[in-house]
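Remarks on the overall topology
Listed below are the residues making up each chain.
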Amino acid sequence: MIFKNSKVYDVLKWIGATVLPALGVFSVTIGEIWNVSQIAIPIGGTFTALGILLSACLGISSIKYKALNEKGENKNG
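Attention in this report is confined to the structure presented alongside it. (Residues numbered from 1 in each chain as written. Predicted model: local features only at pLDDT ≥ 70, side-chain atom pairs only at ≥ 80, totals over all residues. Heavy atoms only, no water.)

Because each turn of an α-helix spans 3.6 residues, side chains separated by three or four positions end up pointing in the same direction. The end-to-end C-alpha separation of helix α2 (residues 37-71) is 50 Å, in line with the 51 Å expected for 35 residues at 1.5 Å each. Among the residues making up α2, those that are buried are A40, G44, G51, L58, S61 and S62. On its buried face, α2 is in contact with α1 (6-33). Once α2 finishes, G72 follows within two positions and takes phi at roughly 80°, a positive value. (Helix = DSSP H or I, 4+ residues; strand = E, 2+ residues; numbered from the N terminus. Expected span 1.5 Å × (residues − 1). Buried < 20%, exposed > 50% of the residue type's maximum accessible area, 1.4 Å probe, protein only. Contact = heavy atoms within 4.5 Å.)

Given below as structure tokens:
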């Protein structure tokens, strides 16, 4: 998946690398404080896993984009 719009890429990268992991840590921390860790830990793990998945997909996209640009195949499209 190669993004034509760098703003979309930047937003998704921010969500994957910052927002989702932060939500994961937040949910686990709040779950411990409120004594509902049996619910909060799976939710936090899900947020963290989604962040890693999104970041990995974006990393692959970035590698493909750079490879296409080095070959000159992505100049006009």
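We now examine unusual backbone geometry. Of note in the backbone geometry, N35 takes a positive phi value of approximately 60° without being a glycine. Within the secondary structure layout, N35 lies in the loop between α1 and α2. Taking relative accessible area as the criterion, N35 reaches 63% and is therefore assigned exposed.

So, about α1. The end-to-end C-alpha distance of α1 is 39 Å, a good match for the 40 Å that 28 residues give at a rise of 1.5 Å each. Bending of α1 peaks at approximately 40° at the position of I15. Residues of α1 that are buried make contact with α2. Phi turns positive, to about 60°, at N35, one or two residues after α1. (Bend = angle between axes of the 7 residues up to and from the residue.)

Axis separation between α1 and α2 bottoms out at 8 Å; the angle between their running directions is 165°. Viewed along their axes, α1 and α2 adopt a mutual orientation that is roughly antiparallel. Handedness of the α1/α2 crossing: left-handed. Considering only residue class, the contact of α1 with α2 consists of 15 nonpolar, 10 polar and 2 charged. (Axes fitted to C-alpha atoms, helices over the stretch in contact; angles between N-to-C directions. Parallel < 35°, antiparallel > 145°, perpendicular 65-115°, else oblique. Left-handed = near helix turned anticlockwise from the far one by under 90°. Nonpolar A, V, L, I, M, F, W, Y, C, P; charged D, E, K, R; others polar.)

Distances and angles like these do not, on their own, reveal function.
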